[in-house]
Amino acid sequence: MKKNHQQDHIFCEKCRNVNSSLIKFCTQQQVENVNYAKTCSAYKRGDVLFHEGGLPLGIFCLNSGSVKIVKSASGGKEQIVRIATSGDIIGYRSLLMRQRYSASAIATEDCKVCLIPREEFMKLTTENPKFYDALIERLCKELEDSQNKMADIAYKPVRGRLAEALLLLSQSNENGLINLTREDLASFIGTVKETTIRLLSEFKEEELIEIDRRSIRLLNVAGLEKVSNIYD
Amino acid sequence: MKKATTDNLFCDKCKSNTCSIIKSCTPEQIDNVSTNKSCSSYKRGEALFHEGGMPLGLFCINSGSVKIIKQASGGKEQIVRIATKGDMVGYRSLLMKQRYTATAIASEDSKVCLIPREEFYKLTLENHKFYDAVIQKLCEELEDSHTKIADIAYKPVRGRLAEALLLLSQTNSDIKNEINLTRDDLASFVGTVKETTIRILAEFKDEGLIVLDKRTIKLINVAGLERISNIYD
């Protein structure tokens with residue numbers, strides 16, 4: 001596997017996400033330890049951070065960019081369980097459970113990622129209760145989001161799901177643009193590419209969105225919210 | 001609404017050996033829990049708690065089963081999981097100190113113990129092993145949730161129903177290979193509608209995979225169901 005591009009070291013206390021990350025619960029000594037132990041890498045769109053079935057080496061902290069977490073599904077398809085963006089941590093659950101990764105993590109755009117080795121991470125969880133509690137809070141939030149998604153995928157018509165997904169994805173992006181491929185968008189909402197393309201054209205005709213090659217920009221947020229909620 | 005209280009079920013005599021409390025707590029802690037909890041009987045259809053309610057404590061299922069449901073599009077219900085003997089229910093909202101995000105309803109007559117919230121918090125602070133065990137459950141639930149999403153999105157409903165029947169019959173440890181869920185609940189669990197569920201159950205019956213006896217579904221060809229569950233993978 002080709003070596004990832006070396007990335008200049010990113011110091012946790014200077015990280016752009018320092019206010020929303022878990023690092024704010026750490027003591028100065030702990031931050032120093034993490035800084036010393038971690039490695040920072042640059043990933044290009046399509047690069048794999050880890051594969052389903054692999055052994056966890058540590059947790060990945062996303063400094064910038066976005067990463068899709070995918071599970072392989074029936075018939076060779078892929079289900080995107082979530083899309084992680086800057087400030088998110090990836091792979092912590094497998095570490096906590098001492099199990100192999102249950103999904104793969106693939107960069108959906110160019111990313112800067114810090115890898116904190118497992119020993120360092122496990123040390124933090126046992127030595128710093130505030131850190132551990134904050135971690136658990138994230139876990140709980142993920143579970144809630146996941147169960148909401150389950151209910152949606154089962155019963156919300158795909159038009160509503162796409163509108164909801166576009167709203168969600170544009171929020172986590174700085175300039176509000178959505179840069180996912182059509183396949184990834186389809187995997188995210190649990191449908192196929194053809195349906196996604198068809199619905200995107202409909203949304204474009206209804207002037208809810210604007211499409212510029214691969215980028216999607218939301219034009220009518222209220223309109224999309226209506227489509228997203230109309231079935232509730 | 002006052003629940004029918006039942007004779008106190010003592011934790012150390014509880015037959016469930018998958019309960020996190022029994023496994024991770026000291027005898028003294030188990031004693032405290034036993035003393036401070038209240039035990040109730042719920043009839044099929046009775047609610048333990050509603051979405052939006054304030055968490056009162058930890059529910060531990062002694063017998064029976066409880067469905068956790070979320071309101072979905074168009075007034076439908078999605079069963080996110082079915083909790084059975086030894087399972088804890090409502091712990092996530094306790095941990096997050098938030099209102100319930102789903103509703104818990106007995107899917108069959110059940111006996112459930114309620115451990116007051118302060119007792120639960122005390123345990124999590126005093127007993128790291130217990131806290132870790134709760135976190136493990138959380139992680140497992142998240143894993144199951146992800147798998148289910150992938151299934152609902154891409155696995156044909158025939159495969160999902162076969163898989164659901166296998167899963168549900170395993171957790172009903174009283175009688176092996178039997179399921180006592182209503183057709184509505186089965187549909188909500190699989191993520192489809194009642195009509196489709198009834199149709200496919202009839203197909204499974206014709207194919208000799210199951211036997212239908214009023215509401216009870218008996219699995220007679222487990223290997224066959226496993227094949228259908230995996231055929232699309």
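Quick caveat, the model's predicted, so the values are computed rather than measured.

It is worth spelling out the overall build of chain A at this point. Of regular secondary structure, chain A possesses eight helices and 11 strands. Rg of the C-alpha trace for chain A: 19 Å, near the compact-globule value of 17 Å for 232 residues, within the 12% margin. Judged by the C-alpha coordinates and their principal axes, chain A covers about 55 × 35 × 30 Å. Relative to its 232 residues, chain A shows a buried fraction of 42%.

Strand order in the open sheet made by the four strands is β3-β8-β5-β6 (chain A), with antiparallel pairing throughout. If you trace the sheet from one side to the other, it starts and ends with β3 (48–50) and β6 (78–84) of chain A, each paired once. Here the strands of the sheet are splayed against their neighbours by 30 degrees on average, with no regard to which way each runs. Judged from the two bridges that link them, β3(A) and strand β8 (residues 104–107) of chain A form a sheet pairing that is antiparallel. Looking at the pairing, A:F50 lines up with A:A105 of β8(A). The sheet strands contacting helix α5 (residues 128–154) of chain B are β5 (67–72) and β6 of chain A, and the helix crosses β6(A) at an angle near 130 degrees.

This part covers the domain arrangement of chain A. The figure often quoted for interface size is the accessible area lost as the parts come together. All names here are of chain A. Domain annotation of chain A identifies domain 1 (5–152) and domain 2 (156–229). Taking only C-alpha atoms, the centre of domain 1 and the centre of domain 2 are 26 Å apart. Contacts between the two partners involve 10 residues from domain 1 and, on the opposite side, 10 residues from domain 2. By residue number, the principal contributor to the side of domain 1 that touches domain 2 is β6, which donates four residues.

Moving on: the domain arrangement of chain B. Residue and element names in this part refer to chain B. For chain B, the assigned domains are domain 1 (4–142) and domain 2 (155–230). Taking the mean C-alpha position of each, domain 1 and domain 2 sit 26 Å from one another. The interface is formed by 10 residues belonging to domain 1 together with 10 residues belonging to domain 2. Counting only elements with at least two residues in the side of domain 1 that touches domain 2, the list comes to β5 (65–71) and β6 (77–84).

On to the pairing of β5(A), then. Residues and elements named next belong to chain A. Most of β5 sits inside the fold, with five of its six residues counted as buried. Across six bridges, β5 lies against β6 in antiparallel orientation. What sits directly across from I69, in β6, is R82. In this antiparallel pair of consecutive strands, β5 and β6, the connection spans five residues, and G75 shows a positive phi of 65 degrees. Pairing geometry for β5 and β8, over four bridges, is antiparallel.

For the rest of this paragraph, the subject is unusual backbone geometry. In this model, A:R98 sits at a positive phi of 55 degrees, which is unusual for a non-glycine residue. Positive phi is not limited to glycine here, since B:K214 has a value of about 55 degrees. Here B:K214 shows up in the loop between β11 (210–213) and β12 (216–219). Residue classification places B:K214 among the exposed residues on the basis of 6 C-beta atoms within 10 Å.

Definitions and cut-offs
Residues numbered from 1 in each chain as written. Chains lettered and ligands numbered in written order. Predicted model: local features only at pLDDT ≥ 70, side-chain atom pairs only at ≥ 80, totals over all residues. Helix = DSSP H or I, 4+ residues; strand = E, 2+ residues; numbered from the N terminus. Rg over C-alpha atoms; globule rule 2.2 N^0.38 Å. Buried ≥ 20, exposed ≤ 12 C-beta atoms within 10 Å, placed from the backbone. Pairing = 2+ DSSP bridges. Axes fitted to C-alpha atoms, helices over the stretch in contact; angles between N-to-C directions. Contact = placed C-beta atoms within 7 Å. Domains from an automatic or database assignment.

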